[in-house]
Amino acid sequence: MSDQELRKQVVEACHVLSAMGYLAGIGGNLAMRKADRMAVTPSAADYFSMKPEDICILDIHSLEILEGERSPSVESGLHALIFRTRPDIQASVHTHQPVASAMALLNRDIPMVSGEEQSELGEKVPVVGYGPSGTGMLVSALKKKLRPDLNGYLLRNHGIICGASSMEQAIRNVRLIEKAAARYISESISTNRSPGVSAPVIHQALGSLAEYRKI
Ligand SMILES: [Zn+2]
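Below or above, wherever it landed, is the structure these notes cover. For clarity, every value in this text was computed on a predicted model and none was experimentally measured.

### Observations concerning empty space enclosed by the protein
Consideration 1: Going through the model one piece at a time under the given rule, you end up with one cavity of 30 Å³ or more.
Consideration 2: Here the largest cavity is characterised by a volume of approximately 40 Å³.
Consideration 3: Forming the boundary of the largest cavity are Ile82, Arg86, Ile89, Leu146, Leu150, Asn151, Tyr153, Ile161, Cys162 and Gly163.
Consideration 4: Of the residues forming the lining of the largest cavity, the biggest block, three residues, is contributed by strand β10 (residues 159-164).
Consideration 5: Taken together, the residues of the lining of the largest cavity break down into seven nonpolar, two polar and one charged.

If you want it as structure tokens, here you go:
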């Protein structure tokens, strides 16, 4: 795949995820790689009007900008870590999707239940320890949790990051995570099985999300 094709696929994915409401305005970012290069969305991007020439090409080891005029996403380090650690992953998506982000605020792993969830994402989507957006601290927190058998992670108080062998599958995976998060929350409320996960707590978590939708 050429750099131009990578850029086009990233832009198409931005449009799809924006339409789904998963990027929350200018929040979230995504990347695709080919070998040691990755195409990543620019910082402070308007995803609805994004064009292939807005996408940056970076070296996944040094994060050096190889092509592109714009500043790359501040979360480029997270995507590069995933690509360096997991050669099987070709696409990486970081979203602020509402329900899974509420789980990140509640600090709860999301159990994967269905066959498709488990085959695509593993046994759970675990919470990664907190680090401020765009920092080495957040990259280190993800590094500690990254496993070869888990493809999705909740970033504490922030959102999710999810990888797959293609961008198409990464988008399917973020949908699976959102559905699983909604199921976990509704089951927790109806069965009172998870202490601390009650309707008022969920309401408060969803209300707090607005503060975490900027990066
Ligand atoms: Zn973010």
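Let's pick the thread back up.
### As for the pattern of salt bridges
Side-chain pairs of opposite charge can arise whenever the charged atoms involved come near each other.
Consideration 1: Taken as a whole and assessed by the stated rule, the structure comprises nine salt bridges.
Consideration 2: Here Arg147 ties to Asp149 by a salt bridge, and the two come within 2.8 Å at their closest N and O atoms.
Consideration 3: Given the relative accessible area of 28%, Arg147 is considered partly exposed.

### Some words on the pairing of strand β3 (residues 56-59)
Consideration 1: Side-chain alternation along β3 places Cys56 and Leu58 on one buried face and Ile57 and Asp59 on a second face that is also buried.
Consideration 2: One ladder, built from four bridges, connects strand β2 (residues 37-40) with β3; its direction is antiparallel. Bridge assignment links Met38 to a residue of β3, and that residue is Leu58.
Consideration 3: With two bridges joining them, β3 and strand β4 (residues 65-67) adopt antiparallel strand pairing. Directly across from Ile57, in β4, lies its bridge partner Glu67.

What counts, and where the lines are drawn
Residues numbered from 1 in each chain as written. Predicted model: local features only at pLDDT ≥ 70, side-chain atom pairs only at ≥ 80, totals over all residues. Heavy atoms only, no water. 1 Å grid on protein atoms, 1.4 Å probe; cavity = no way out; pocket = protein on both sides within 12 Å on 5 of 7 lines; lining within 4 Å. Points joined across faces, edges and corners; volume = space filled by probe spheres on them. Helix = DSSP H or I, 4+ residues; strand = E, 2+ residues; numbered from the N terminus. Nonpolar A, V, L, I, M, F, W, Y, C, P; charged D, E, K, R; others polar. Salt bridge = Lys/Arg side-chain N within 4 Å of Asp/Glu carboxyl O. Buried < 20%, exposed > 50% of the residue type's maximum accessible area, 1.4 Å probe, protein only. Pairing = 2+ DSSP bridges.

Any functional reading would require information that these geometric values do not contain.
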